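# Structural overview
Residue-level listing of the chains:
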Amino acid sequence: MQLSSAKSVVIVGAGTVGTELAGEIAAAQPDKDITLVSSDNTLFPMYPAKLGAQLKRKLERAGVNIVLGQRAENLLHLDRPYAGSVKLTDGRVISADLVFPVIGSRPNTALAQTLSGVATAPSGRIQTDKWLRPSKYPNVFIAGDIADIGDGMTIVAISRQNPWLIKTLKQALKGQAIEDLKPYVPWKKAPILLPLGPKIGNSWLFATVGDWVTRQMKGKDLFISKYRKAFGR
Ligand SMILES: Cc1cc2nc3c(=O)[nH]c(=O)nc-3n(C[C@H](O)[C@H](O)[C@H](O)COP(=O)(O)OP(=O)(O)OC[C@H]3O[C@@H](n4cnc5c(N)ncnc54)[C@H](O)[C@@H]3O)c2cc1C
């Protein structure tokens, strides 16, 4: 409702959520004035340059203004969109009917924090040893967003961690010492799917791929049918 009545939108943060959001809004409501702000000088600088360059070109072609190398200095909220203005490092002020702060999420670690010996990383995630163990308890493991093991906070990370964890738990149940088992090795560079609405986008699947693959793998229905099936809905 807030979004459909907004004429101008500023998205602060060009990670996966911010970039996808800009693309989705531009595809669904092309008349809006959309600005995407990133403190980095390119989109997705941790990936080969082609990925960020192509995403930038596609977003700009869809009418999104991209502001790179600028931080927003006055975000009013970090957990919800609001009407207001964004002051950038270079002094520019961009006003918008809706400002989306998407500069990263922090996992809810409250339960894990109750374990004795747990340490929290600056990111808010829980530090683990090489076997995804966060505490002094040798048979307690964690996975997913809360685990600070070198993976991003993504389902792609979990899809690597869970099979390892299942295998490790099975071996532990057979009586093998955890330290004798193969440690978890995080993604070196995780695959990433970045649809910009239902038709276009780019992904990095060990090489940069474009619209067709991104659309087939995610953009077309954003995994909704897959999850409906998985949850029997
Ligand atoms: C807007 C958005 C879009 C995203 N899109 C993508 C994407 O396209 N691809 C991708 O790979 N990743 C994406 N992600 C990231 C992905 O959603 C997360 O990495 C993933 O959900 C993390 O899974 P998790 O199980 O670690 O945590 P969660 O999915 O957050 O699950 C944790 C669960 O634990 C429960 N919980 C917490 N504390 C307690 C407690 N004390 N007792 C009981 N239960 C508790 C919570 O209620 C929750 O159900 C996206 C994230 C966001 C926010």
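Below, the structure is looked at part by part. (Residues numbered from 1 in each chain as written. Predicted model: local features only at pLDDT ≥ 70, side-chain atom pairs only at ≥ 80, totals over all residues. Heavy atoms only, no water.)

### What about the sheet that holds strand β5 (residues 93-101)?
Reading across from one edge, β3-β2-β1-β5-β4 is the order of the 5 strands in this open sheet, with mixed pairing throughout. Lying at the two open borders of the sheet, with one neighbouring strand each, are β3 (64-67) and β4 (82-87). Neighbour-to-neighbour, the strand axes of the sheet open up by a mean angle of 40°, direction not taken into account. Taken together, the 4 bridges between strand β2 (residues 33-37) and β3 define a ladder with parallel strand orientation. Bridge pairing links leucine 36 to isoleucine 66 in β3. Here helix α2 (residues 16-28) sits on the sheet and contacts β1 (8-12), β2, β3 and β5; the angle it forms with β2, its principal contact strand, is near 170°. Contacts from helix α3 (residues 49-61) reach β2 and β3 within the one sheet, and its direction differs from that of β3 by about 135°. (Pairing = 2+ DSSP bridges. Helix = DSSP H or I, 4+ residues; strand = E, 2+ residues; numbered from the N terminus. Axes fitted to C-alpha atoms, helices over the stretch in contact; angles between N-to-C directions. Contact = heavy atoms within 4.5 Å.)

### Some remarks on helix α6 (residues 211-219)
One turn of the α-helix equals 3.6 residues, which is why residues spaced by three or four share an orientation. Within α6 the residues assigned to the buried category are Thr214, Lys218 and Gly219. Projection of α6 onto a plane perpendicular to its axis shows the buried side chains occupying an angular sector of 65°, all on one side. Contacts from the buried residues of α6 go to α2, β8 (192-196), β9 (200-204) and β10 (208-209). (Buried < 20%, exposed > 50% of the residue type's maximum accessible area, 1.4 Å probe, protein only. Arc of directions from axis to C-beta.)

### Some words on the site of the ligand
The immediate surroundings of the ligand are formed by Val17, Asn108, Leu111, Gly144, Asp145, Met153, Thr154, Ile155, Val156, Ile158 and Lys218. Aspartate 145 places a polar side-chain atom, nitrogen or oxygen, 2.7 Å from an oxygen atom of the ligand. Taking lysine 218, its side chain carries an N or O atom lying 2.3 Å from an oxygen atom of the ligand. In the complex, 40% of the free accessible area of the ligand, which totals 1,000 Å², lies under the protein chains. For the shell around the ligand, the element with the highest residue contribution is helix α5 (residues 155-173), accounting for 3 residues. The class makeup of the residues in the shell around the ligand is 6 nonpolar, 3 polar and 2 charged. (Near = heavy atom within 4 Å. Polar contact = N/O pair within 3.5 Å; in protein donor to acceptor, adjacent residues only side chain to side chain. Areas by Shrake-Rupley, 256 points an atom, 1.4 Å probe, with all protein chains shown as cover. Nonpolar A, V, L, I, M, F, W, Y, C, P; charged D, E, K, R; others polar.)

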